Amino acid sequence: MNQKKLGEALGGVVETAVNKVGVDLNTASAPLLQYVSGVSKPIAKNIVAYREENGSFKDRKELLKVPKLGAKAFEQCAGFLRIIGGKNPLDATAVHPESYAATEKLLEILDIKMDKTVVTSIEKEAADKLRKLGKAEKEKLAADIGVGEMTLDDIIEELLRPGRDPREDMPKPILRSDVLEMKDLEVGMVLKGTVRNVIDFGAFVDIGVHQDGLVHISQITNKKFIKHPLEVVSVGDVVEVKIINIDLEKNRIGLSMII
């Protein structure tokens, strides 16, 4: 297989996943950030450097202070970068900054309030009304807040499920009923879990004990050499893992997929 084409295909899959899920601007690594639309490798490094020098980002507009990240790049990437607990609660959502004014107007019309961190869930009656909006009603509402119908649909979806993570809709693994907490775990135990995050040095897997376990890259496969865990696993995969170490004091679980 042509390695260049394989690399491009894998990169495309990762980019699609990252832009669908979004990333936490204040915790994401440079390698992860560079998969965000509009963020090049140099810009990703500059974002991390800016964060290390100035502390956590407080709002998305602060991105414009990052060297080499201009207005065009900001327009492309801002909607995919989340800020939890920032100045504007909408920064924690998929709503793009250019739609903030329209969103706030819509919230006002629907009498929906926001707390300090996320858009609060709306009442069932309001949610049902939003879901049942007809074409004519949406056209009028879109005109009232000054956006297109597609943008309105995106805003409404975010209001219906604030801060939604597409991974929550993925199939859940069948978890053991006798394993509910870390103290129930034993080295050598084999469990099923869901891959929740993939990073350069491994993958975090939810095994149902409120603390994700880490499968180090060296423990993902012994069938071939891999440069990155994404060559084997992806977010949402249901995998079988074996517990290789447990640290109750530090709340750490070491896992292996080599069973």
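Note that the structure is a prediction, hence the values are computed from the model and not measured.

Caption draft 1: Seen up close, the overall build of the protein chain. In terms of regular secondary structure, the protein chain is built from 8 helices and 7 strands. In the protein chain, which comprises 259 residues, the proportion classed as buried is 39%. When contacts within the protein chain are restricted to residue pairs at least 6 apart in sequence, long-range pairs at least 24 apart make up 52% of them. Carbon and sulfur atoms make up 52% of the accessible area of the protein chain, which amounts to about 15100 Å² in all.

Caption draft 2: Spatial organisation of the sheet that holds strand 5 (residues 213–216). With respect to topology, 5 strands assemble into a closed barrel ordered 3-4-5-7-6, the strand pairing being mixed. Averaged over all neighbouring strand pairs, the angle between strand axes comes to 50°, with direction disregarded. In this structure, strand 3 (residues 190–199) lies alongside strand 4 (residues 202–206), joined through 5 bridges in antiparallel fashion. By the bridge assignment, T194 is partnered in strand 4 with D206.

Caption draft 3: Spotlight on helix 7 (residues 135–145). What helix 7 keeps buried is the set L141, A142 and I145. One side of helix 7 carries all its buried residues, which in axial view fall inside an arc of 100°. In helix 7, the exposed positions angled more than 90 degrees off the buried face are occupied by A136, K140 and A143. Buried positions along helix 7 lie against helix 5 (100–110) and helix 8 (149–160). Downstream of helix 7 by one or two residues, G146 has phi in the positive range, about 80°.

Caption draft 4: Quick look at the pattern of salt bridges. A complete count under the given rule lists 6 salt bridges for this structure. A salt bridge links E139 to K135; the shortest N-O distance between them is 3.5 Å. On the criterion of helical spacing, the pair formed by E139 and K135 is a turn pair, its members being 4 residues apart in helix 7. Given the relative accessible area of 38%, E139 is considered partly exposed. We note a salt bridge from D153 to K138, for which the minimum N-O separation is 2.8 Å. Within this pair, whereas D153 is found in helix 8, its partner K138 is found in helix 7, the two being separated by 15 residues in sequence.

Caption draft 5: The arrangement of helix 8 in detail. Taking 1.5 Å of rise per residue, the 12 residues of helix 8 would be expected to cover 16 Å, and the 16 Å separating its terminal C-alpha atoms lies within 8% of that figure. Those residues of helix 8 that sit buried are L152, I155, I156, E158, L159 and L160.

Caption draft 6: Layout of unusual backbone geometry. Of note in this structure, H210 is not a glycine but carries a positive phi near 70°. Here H210 lies in the loop between strand 4 and strand 5. Even without glycine at this site, N251 takes up a positive phi of about 55°. One can find N251 in the loop between strand 6 (238–247) and strand 7 (252–256). Assessed through its relative accessible area of 40%, N251 is described here as partly exposed.

Caption draft 7: Spotlight on the environment of V235. Residue placement: V235 occurs in the loop between strand 5 and strand 6. In this structure, the C-alpha to C-alpha distance between V235 and T194, residues 41 residues apart in sequence, is 7.8 Å.

Caption draft 8: Seen up close, the packing of helix 7 against helix 8. Across the interface, helix 7 lies against helix 8 with an axial gap of 9 Å and an inter-helix angle of 90°. As judged from the angle between their axes, helix 7 and helix 8 are roughly perpendicular. Contacts between helix 7 and helix 8 involve K135, K138, E139, L141, A142 and I145 from the former and E149, L152 and D153 from the latter. Split by residue class, the contact of helix 7 with helix 8 holds 4 nonpolar, no polar and 5 charged.

Caption draft 9: Main features of the pairing of strand 7. Most of strand 7 is tucked away, with 4 of its 5 residues classed as buried. Sheet topology note: the strand 5/strand 7 ladder contains 2 bridges and is parallel. The residue bridging V215 from the neighbouring strand is L255, located in strand 7. With 5 bridges connecting them, strand 6 and strand 7 associate as antiparallel partners. Residue pairing across strands places N245 opposite G254, the latter belonging to strand 7. Between the antiparallel neighbours strand 6 and strand 7 lie 4 residues, among them N251 with a positive phi of about 55°.

Calculation rules
Residues numbered from 1 in each chain as written. Predicted model: local features only at pLDDT ≥ 70, side-chain atom pairs only at ≥ 80, totals over all residues. Heavy atoms only, no water. Helix = DSSP H or I, 4+ residues; strand = E, 2+ residues; numbered from the N terminus. Buried < 20%, exposed > 50% of the residue type's maximum accessible area, 1.4 Å probe, protein only. Contact = heavy atoms within 4.5 Å. Areas by Shrake-Rupley, 256 points an atom, 1.4 Å probe, with all protein chains shown as cover. Pairing = 2+ DSSP bridges. Axes fitted to C-alpha atoms, helices over the stretch in contact; angles between N-to-C directions. Arc of directions from axis to C-beta. Salt bridge = Lys/Arg side-chain N within 4 Å of Asp/Glu carboxyl O. Expected span 1.5 Å × (residues − 1). Parallel < 35°, antiparallel > 145°, perpendicular 65-115°, else oblique. Nonpolar A, V, L, I, M, F, W, Y, C, P; charged D, E, K, R; others polar.

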